[in-house]
Amino acid sequence: MLIGALVFFALIAGTIEGSWRRLGYVPSILDGVDRWSAERDRAGPGTIALVGSSRVLFNVSIPTLRRRYPEHPVAQLGIGGTLAGAVLRDLAEDPAFDGAVIASMRASAFEPANLDSQQPWVDYYHEEWNVERRISRRLETELASRLAIMNPTLSIRRLGVERVEKGRWLPDRCSSSTAIAASVPTSGFTA
Amino acid sequence: MLFNSLSFAIFLAGVLVLHRLPLSWRVRKLNLLLASYVFYMAWNPPFVVLLWISTLTDWVIARRIAGEQRPRVRRYLLWASLGVNLGLLGFFKYAGFLLDGFVFLVQQAGIDYQPAAPGIILPLGISFYTFQTLSYTFDVYRGRSQPWGEFIDYALYVTFFPQLVAGPIVRSHEFLPQCEAPRRVTLDQWTWGLSLLTLGLFQKVVLADGLLAPVADGLFSGSGQPDFASAWLGTLAFSGQIFCDFSGYSSCAIGIACCLGFRLPENFRYPYAAIGFSDFWRRWHISLSSWLRDYLYIPLGGNRRGLHRAYANLMLTMLIGGLWHGASWTFVVWGGLHGLYLVAERFARAHAGHLAIWQSPPVRLAIGAATFAVVTGTWTFFRARDFPHAFDIASALIGAATAPDLILTHRGFDVVSVGIVMAGLLIAHARLRHHSLRDAIESAPWWIHSLWISLMWVAIFTAPGNDRAFIYFQF
């Protein structure tokens, strides 16, 4: 039975992988809280940290920045749909970080109602981002960057949304190597 | 360590290989014990000390109780075990809750008291292993079992990694005898264990996290009051999510144990096909409800002291069961509501249980549907962030929303996906109500079984990892 399941799995997964590639889809990784935490790990001595929302996430070319400043590690800490107060505060309070911050901010980011909109990412990093998560994240990234079948924009949910809500079978091909699917970090839910 | 992570897959592969090596049974048990500690320490290493304290306390106290004839001393020893275990649980899980209550009372007396937040981290699985070690001491105290002779076996019973952090809550008499002789794993056990592990991961990763959680989060993490349809959509989604999440974890735990040659008790028996609330609690989180029955409800007197006392005992048991789930009054209310349902059902049975009408299929179907609807609506108090939020959703569920401004039903895929998943879940529960899953699977040809497993692997593989822990980890 198990051998049969392995054969079926290889056939089905291989067919799907081949189909996605023929249709022009490429491997891509999930931009979730683990991706962000891995970037946060980079924020150490001499790092250039990019802080802000979707503007800094999408409009800054990390390869160009790395080419321009090869001696400085770059940490992309932008989070779509949020305002950057909490991450800025976290970096300011971190004695291990003495690099430069490039921040894309609006004045409203410092209003009390918005100041903590990135706090869940910061809390996750300090409370739950452990060795085991780092290993898992590394392995998932290695796999996902090689297999189109793991592209988050081709998940059952995303395909279903395309079909039911937009009336088409397939999503746009993602030109970036990072699929954007950021959501507020949660451990199930908050009790 | 999460079952739905690649690091766990590597860890499990290593443990399975180690367990198959031609080593003595004692060394293999020691390997399992060490692996279980590694599994636990992967989350937060210092908290393993609490696990050791709980393990050693009940190991020592149970032996002292067994060797002691004086009832008063035996009772003191039992209280010592309760004090240590419930003290740790109380401090780490309920300190903030108790402090909030204290502050409220003090403020009612006109004193402006604002303490600093306690900032205590809840150790993973403490509610589960505390109940497990307590049941061992209780059983020895009552003479139901003798203290076990081998410490490694007992430590493995407390720490066995498949069920350590979210159950099932295993009784000593179910686990310890399995440690006596080497466990031989047949190909059938391997196949069944991996099938259960696959099913559990599919429930968790694909159904709970991939399809249902985004809809439930839309309702319970959103702001504003939902309309009738949105409230039911989100609550149904959470009803499915919590089942798939928790039952998925239990399936994984039972499946992994099976691959190691151990048998863990069933924790879910198609609860959404329950006919009545007592039936529901015989099918939902069975290891907790039977623990509460055996170590709380029956010692309180159960139904041996008259109907009214039985009602009071039921209510108390369910209130404590609610509080076990989380340090918040919303959980207490959730438990209290289930207590009221059980009392009402028992009252109805006592006064009208003899009527033949209860046995007619349409009436049983109607009771089953009503049970599911009420259980689903009651999850609102379990999931809502506070009472105003819970009341907003509860009033929308009965069509009494005053100014609804949270509409979820315009997201067509959410309606379709929740509809399909919940319909599939309910049909599966209804059809399997009187059967075992294993019988149903084994009656199918091998290639159907293989095809199902491979399709679930593909679905798991293609689901984006979205970093969600199992819901019951926080309990």
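Residues numbered from 1 in each chain as written. Chains lettered and ligands numbered in written order. Predicted model: local features only at pLDDT ≥ 70, side-chain atom pairs only at ≥ 80, totals over all residues. Heavy atoms only, no water.

Summing up its helical and strand segments, chain A has eight helices and five strands in all. The order of α-helices and β-strands along chain A, N terminus first, is α-β-α-β-α-α-β-α-β-α-α-α-β. Projected onto its principal axes, the C-alpha positions of chain A cover 55 × 40 × 35 Å. Counting across all 191 residues of chain A, residues that qualify as buried make up 43%. Of all intrachain contacts in chain A linking residues separated by at least 6 positions in sequence, the fraction that spans at least 24 positions is 80%. Roughly 9,900 Å² of accessible area belongs to chain A as shown, and the carbon and sulfur atoms make up 58% of that amount. Chain A carries 22 positive and 21 negative side-chain charges, and their two centres are separated by 10 Å. (Helix = DSSP H or I, 4+ residues; strand = E, 2+ residues; numbered from the N terminus. Buried < 20%, exposed > 50% of the residue type's maximum accessible area, 1.4 Å probe, protein only. Contact = heavy atoms within 4.5 Å. Areas by Shrake-Rupley, 256 points an atom, 1.4 Å probe, with all protein chains shown as cover. Lys, Arg positive; Asp, Glu negative; His and termini not counted. Charge placed at Lys NZ, Arg CZ, Asp CG, Glu CD.)

Before going further, it helps to examine the overall build of chain B. A tally of regular secondary structure across chain B gives 18 helices and zero strands. With the principal axes as the frame, chain B shows a C-alpha extent of 65 × 65 × 55 Å. Across the 475 residues in chain B, those meeting the buried criterion constitute 56%. In chain B, the proportion of contacts linking residues at least 24 apart, taken out of those at least 6 apart, comes to 78%.

With that out of the way, let us pick up the domain arrangement of chain B. Residue and element names in this part refer to chain B. Under the domain assignment, chain B is made up of domain 1 (6-183) and domain 2 (189-474). Listed as interface residues are 40 residues of domain 1 and, on the opposing side, 35 residues of domain 2. Taken together, the two surfaces of domain 1 and domain 2 that pack against each other cover about 3,300 Å², and 70% of this comes from carbon and sulfur. When the buried surface of domain 1 facing domain 2 is broken down by residue, Phe-97, Phe-131 and Pro-168 rank first, second and third, together holding 19% of it. Connecting domain 1 to domain 2 are one salt bridge. Residue Asp-294 is joined to Arg-171 by a salt bridge in which the shortest nitrogen-to-oxygen separation is 3.0 Å. The interface formed by domain 1 and domain 2 contains 13 residue pairs in polar contact (both at pLDDT 80 or more). (Domains from an automatic or database assignment. Buried area = accessible area lost by both parts, 1.4 Å probe. Salt bridge = Lys/Arg side-chain N within 4 Å of Asp/Glu carboxyl O. Polar contact = N/O pair within 3.5 Å; in protein donor to acceptor, adjacent residues only side chain to side chain.)

Listed per partner, the contact involves 40 residues of chain A and 46 residues of chain B. Buried area between chain A and chain B, both sides added, is near 3,800 Å², and the carbon and sulfur share of it is 71%. Our count for the chain A to chain B interface comes out at one salt bridge. Where chain A packs against chain B, one counts nine residue pairs in polar contact (both at pLDDT 80 or more). Elements supplying a minimum of two residues to the side of chain A that touches chain B: helix H1 (2-22), helix H2 (33-42), helix H7 (131-144) and helix H8 (156-166) of chain A. Examining the composition of the side of chain A that touches chain B, we find that nine residues originate from one element, H1(A), more than from any other. Split into classes, the residues belonging to the side of chain A that touches chain B amount to 24 nonpolar, ten polar and six charged. (Nonpolar A, V, L, I, M, F, W, Y, C, P; charged D, E, K, R; others polar.)

This part takes up the side chain of Glu162(A). Residue and element names in this part refer to chain A. Mapped onto the elements, Glu-162 comes out in helix H8. Of note is the side chain of Glu-162, whose polar atom sits 2.6 Å from the side chain of Arg-168. Other than its neighbours up to four places away in sequence, Glu-162 contacts Gly-167, Arg-168, Leu-170 and Pro-171.

Further remarks concern the environment of Phe220(B). Mapping Phe220(B) onto the fold places it in helix H8 (residues 187-220). Sequence-wise, Phe220(B) and Gln107(B) are 113 residues apart; in three dimensions their C-alpha atoms are separated by 30 Å.

Residue and element names in this part refer to chain A. Pairing is parallel in the open sheet, where three strands are placed in the order S3-S2-S4. Because the sheet does not close on itself, it has two edges, and the strands there are strand S3 (74-76) and strand S4 (100-103). Ignoring strand direction, the axes of neighbouring strands in this sheet form an average angle of 20°. Relative to S3, strand S2 (residues 48-51) runs parallel, the two being bridged by three bridges. From the neighbouring strand, Leu-50 faces S3, where its bridge partner is Gln-76. Where helix H5 (residues 85-93) meets the sheet, its contacts fall on S2 and S4, and the angle it forms with S2 comes to roughly 155°. (Pairing = 2+ DSSP bridges. Axes fitted to C-alpha atoms, helices over the stretch in contact; angles between N-to-C directions.)

In this section: the nonpolar core. Residue and element names in this part refer to chain B. With 139 residues, the main nonpolar core has Tyr-40, Phe-161, Phe-262 and Tyr-272 as its most contacted residues. With 16 residues, the single largest contributor to this core is helix H9 (residues 228-259). Summarising the domain contributions, this core has at least three residues from each of domain 1 (6-183) and domain 2 (189-474). The contacts of Phe-262, once residues within four sequence positions are left out, are Trp-25, Leu-32, Leu-156, Phe-160, Phe-175, Gln-178, Cys-179, Arg-183 and Ala-257. (Core = buried A, V, L, I, M, F, W, Y, C linked by side-chain atoms within 4.5 Å.)

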